[in-house]
Amino acid sequence: MINQNVCTLSAACLALGLLAGCDSSSSGPTSLAASCASTLPNETDQQAYLQLGGAFDTLKHVSGEKMTRMIDNEIRKRMCDERIAGLGLGLVWHGNLVYVKGYGWARGYRGAGDNSPQVMVRGQRTRFRWASVSKTVTGLAASIAAQEVFPDGSPLFDLDSELTLAYRGCDDLGQGCVFSMPGAYYTNWDEEDDESDWSGVFLLSLTSADAPITVRMLLANRSGIMHYGQYDPGWANGGVPSESAKSLNDDFGWAIDQFTSNPLLFLPGTRYNYSSFGFNMAGTALDIVTEPVIGGFWPYVAQRIASKTQPSPMVFFHPDDLYDPQYQSAPWYTAGNRASGYYRDSDTNQILRRNPIGDVSWKLPGGGFISTVADMALYAEGLLNYRFLSEARSNEMWTPQEGIVTGGMTPTSGYALGFNMSVNYGERMASHNGRQQSSRTRLVIYPDGEDPSVGKLAIVLMSNSEYADLPAMADAIDALLREPLIPDPASQLSILHQSSSPDGTSLSFVDGRGRQLTYLDPENDFLAAPDFRVPTGHSYNFSLDRTRQVRSSDPDMGQRDDLGDR
C-alpha cells in the first residue's frame, strides 16, 4: 500500500469546516483573498502521498515546495469559483507516481445544505465513481485479451471478428443468446438535427451478414449503437433502465436488450457516435469469452489490470454495484469512505446533494467502476510504464480507429480503443472525461514523454460534484508543471549559479559575467512575467527557457546580451 500518515482533526474544527489553525502542520490560510479558499480543507503534505521527498525536488525553475503551493492554490481557487464540494488529484511526473492529494469535502458540504457530519476528501481513502473513464479500462482489457491465446493457439478475443454466436453466449443453434442484435438502421440520421423530431428519418432492415458489428467498432464508437437520449420515443426500451429494474439485474449483460431492440443510427463502421451502450456490449462479449477462463469481465480486469499496478495494487477499485450484498459487506466499503454526490439544479442554480445516488453497475464496461484517486493514479502510472501491455500493443490501443474501420487514412486525433487521442504541447495525449450521478472525472496521459520538463506525465482528477470543470482544471495544472512558457526573448545569458530564498519567494542567478540577477516573487506566483533587477536598481524582464537559461526580453536592449550600466 502507499504510505499513509493520518493526522486527526478535532471535531470542533471539522464542524466549522476549517482546516487552517486546526492542523499543527498548517501554515495558515493561503494568500487567496476569498474566504472560501481560506476555509476549504485539503490534506496536509503529511497526510498526502508526495513521493520523492517534496515530489518535485528536481524542478529547476521553481522549488518543489513552491510547486505544491501553486498546485494547491490553483485547485482551491477553482473549487471556490465553481463551488466544488470535494476533489482528488493524482500526478505521474517523469513516469513516477509523485502526488496524490484530497481537497474539500467528501461528505457534509455545507454549500449544498448538507448538514450531515463533515468528512474531508482523502486521496487514498475517499472513493469516487470513474464514470466514463471506465471505458478506458474496457478498451485496455479487450486489448490484453486480444493478445492472449487458448492452449490450441486460437485467440482468446478477436477485436475484428463480428459478434458471433460465441461472443453472445448462444448455443450452436443460435438459441439462448445473452443479447440480441439490432435489426434495422436509420438511413439519414443527422446528429446535428433535433433528435426529438424523427419524422424525416427512414429505416431499413439489417442483418449481421449485411453489415457485421465487431468489437473494434464498439470500442471505437463506430458501431451505430445509440447513446443516451438518441432513441425514437416511439420505440420501446430505448431509455435507461428504471431503478426497480436495475435492482433485479444479475450482471451488466442484462441491460443490453434495453437498447438493442432499437435501430442503429447508421451502418456499422461508417460513422462515429459516442455510445456507453456500445461499451456495454463490448464488455459483455469479453465477459462471455473470459467466464470459463477466469470467471468473467470483472475477475479478468481485477487480475490483468488492478493487481498489476505499482507500488501497490488498486485496492479500492471495484464495480460500483449497490444491489450486491457481498459488495456492500466488504470491509473497505463499510469504512464509510464513499463520497456523497452533488449536482447543480438547472432551474435554481442551487447546489444540492444527490439522493438517491442511482446504481451504475448495469453499465460497468462503459461507466460503472469506483475507486480512490490514488487507484486511478496507479492505473495511469501503469499505462505510462507498460505494466499491462507492451509498448507496441499500447500504441495499437492508442491509435485512432477511423481509418482502421473504414479503410482510410488513420488521423492523428480521434477516438481509439477506449481513449480520446489528440495532440497537445506538440505531443500525443490520451485522455477521457467522465460524468454521471455523483461524479465528474478526468484522465490525461502523455505516453511519449517528449517534453523534458515533465517527461511521461499523467494528470488524474476525481470529484463528487457533477458540474466541476475538470478538463479546464487539468489544463491549468498541466501548464503549471510546464512553466515557464514565455516566448524566447532576443538575447541569452548563461547561468553559473542558482539559489532560492528559504520561503521560495525569490530566486537569485549569477550569469556568465558574474552579475547577480534576482527574481522577486512577492505573490508566490511564478506565472507572472519575471522582473529581474540588476544591482544598479535598473529593471529588466527575463524568463527561463526549457534549457534553464536566463533570457532578456527588454525591448530597449535590442539583440545585445551585454547589460552594462544604463
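Source: prediction; values computed, not measured.

This paragraph deals with the sheet that holds strand β5 (residues 127-129). Strand order in the open sheet made by the 3 strands is β5-β11-β8, with antiparallel pairing throughout. On the outer flanks of this sheet lie β5 and β8 (318-319), each paired with one strand and no other.

What follows covers the packing of aromatic side chains. By the definition in use, this model includes 15 aromatic pairs. Measuring from ring centre to ring centre gives 6.4 Å for Phe-277 and Trp-362, while their planes differ by 40 degrees; the resulting arrangement is tilted. One end of the pair, Phe-277, is in helix α7 (residues 276-294); the other, Trp-362, is in the loop between β10 (351-353) and α11 (364-367), with 85 residues separating them in the sequence. Of the two residues examined, Phe-277 and Trp-362, each falls in the buried class. Taking the centre distance of 6.4 Å and the plane angle of 75 degrees together, the rings of Phe-279 and Tyr-415 count as edge-to-face.

It is worth spelling out helix α15 (residues 470-482) at this point. In this model, α15 (13 residues) spans 18 Å end to end at C-alpha, consistent with the 18 Å of a helix rising 1.5 Å per residue. Within α15, 10 of the 13 residues are buried, which leaves it mostly tucked inside the rest of the structure. Every buried residue belonging to α15 is among Leu-470, Pro-471, Met-473, Ala-474, Ala-476, Ile-477, Asp-478, Leu-480, Leu-481 and Arg-482, and all of these are buried. Packed against the buried residues of α15 are α3 (64-82), β2 (86-93), β13 (420-424), β14 (427-436), β15 (439-446) and β16 (457-463). Looking at where α15 begins, the residue whose side-chain oxygen comes 3.3 Å from the main-chain nitrogen of Ala-472 is Asp-469.

Attention now goes to empty space enclosed by the protein. Under the definition given, this model contains 3 cavities of 30 Å³ or more. Taken as a whole, the second largest cavity encloses approximately 50 Å³ of empty space. As for the second largest cavity, its lining consists of Arg-127, Phe-128, Arg-129, Arg-338, Ala-339, Ile-370, Ser-438 and Ser-439. Broken down by element, the lining of the second largest cavity gets its largest block of residues, 3 residues, from β5. Taken together, the residues of the lining of the second largest cavity sort by class into 3 nonpolar, 2 polar and 3 charged.

With that out of the way, let us pick up the state of the cysteines. As enumerated under the stated definition, the model contains 2 disulfides in all. Across a sulfur-sulfur distance of 2.0 Å, Cys-36 and Cys-80 are joined as a disulfide pair. Here the S-S torsion is close to -85 degrees, and the disulfide linking Cys-36 with Cys-80 is therefore left-handed. Here Cys-80 lies in helix α3 and Cys-36 lies in helix α2 (residues 35-39), a separation of 44 residues in the sequence. A relative accessible area of 32% means that Cys-36 is categorised as partly exposed. Note on Cys-80: relative accessible area 15%, which makes it buried. Across the disulfide from Cys-170 sits Cys-177; the S-S distance is 1.8 Å. Of note, the bridge from Cys-170 to Cys-177 carries an S-S torsion of about 120 degrees and is right-handed in sense. Since its relative accessible area comes to 26%, Cys-177 is described here as partly exposed.

A word on the side chain of Glu-466. Checked against the element boundaries, Glu-466 lands in the loop between β16 and α15. Here Glu-466 is in contact with Tyr-342, Tyr-343, Arg-354, Arg-435, Gln-436, Gln-437, Ser-438, Ser-439 and Arg-440, once residues within four sequence places are set aside.

Attention now moves to the pairing of β13. Relative to β13, strand β12 (residues 414-415) runs antiparallel, the two being bridged by 2 bridges. Following the sheet pairing, Gly-414 is matched in β13 by Met-421. In terms of strand pairing, β13 meets β14 through 5 bridges, oriented antiparallel. Paired with Asn-424 across the strands is Glu-427, a residue of β14.

Turning to the pairing of strand β3 (residues 96-107), a few remarks are in order. Of all the 12 residues making up β3, 10 are buried; the element is thus mostly covered by neighbouring parts of the structure. Counting the residues in the hairpin turn of β2 and β3 gives 2 residues, including His-94, whose phi is positive at 55 degrees. Judged from the 2 bridges that link them, β3 and strand β4 (residues 119-120) form a sheet pairing that is antiparallel. Its bridge partner being in β4, Trp-105 is matched across the sheet by Met-120.

Here we come to the environment of Pro-452. Mapped onto the secondary structure, Pro-452 falls in the loop between β15 and β16. What makes Pro-452 exposed here is its relative accessible area of 59%.

The next thing to look at is the confidence of the model for the chain. Counting all residues, the mean pLDDT for the chain is 78, and 71% of those residues have values of 70 or more. Contacts from residues 1-33, a stretch scored under 50 in pLDDT, to residues over four places away or in other chains number 58 contacts. Confidence over residues 484-498 falls short of pLDDT 50; this stretch has 53 contacts with residues more than four positions distant or in other chains.

Reading guide: rules and limits
Residues numbered from 1 in each chain as written. Predicted model: local features only at pLDDT ≥ 70, side-chain atom pairs only at ≥ 80, totals over all residues. Heavy atoms only, no water. Pairing = 2+ DSSP bridges. Helix = DSSP H or I, 4+ residues; strand = E, 2+ residues; numbered from the N terminus. Phe/Tyr/Trp six-rings, centres within 6.5 Å; stacked < 30°, edge-to-face > 60°. Buried < 20%, exposed > 50% of the residue type's maximum accessible area, 1.4 Å probe, protein only. Expected span 1.5 Å × (residues − 1). Contact = heavy atoms within 4.5 Å. Polar contact = N/O pair within 3.5 Å; in protein donor to acceptor, adjacent residues only side chain to side chain. 1 Å grid on protein atoms, 1.4 Å probe; cavity = no way out; pocket = protein on both sides within 12 Å on 5 of 7 lines; lining within 4 Å. Points joined across faces, edges and corners; volume = space filled by probe spheres on them. Nonpolar A, V, L, I, M, F, W, Y, C, P; charged D, E, K, R; others polar. Disulfide = S-S within 2.5 Å. pLDDT = per-residue confidence, 0-100.

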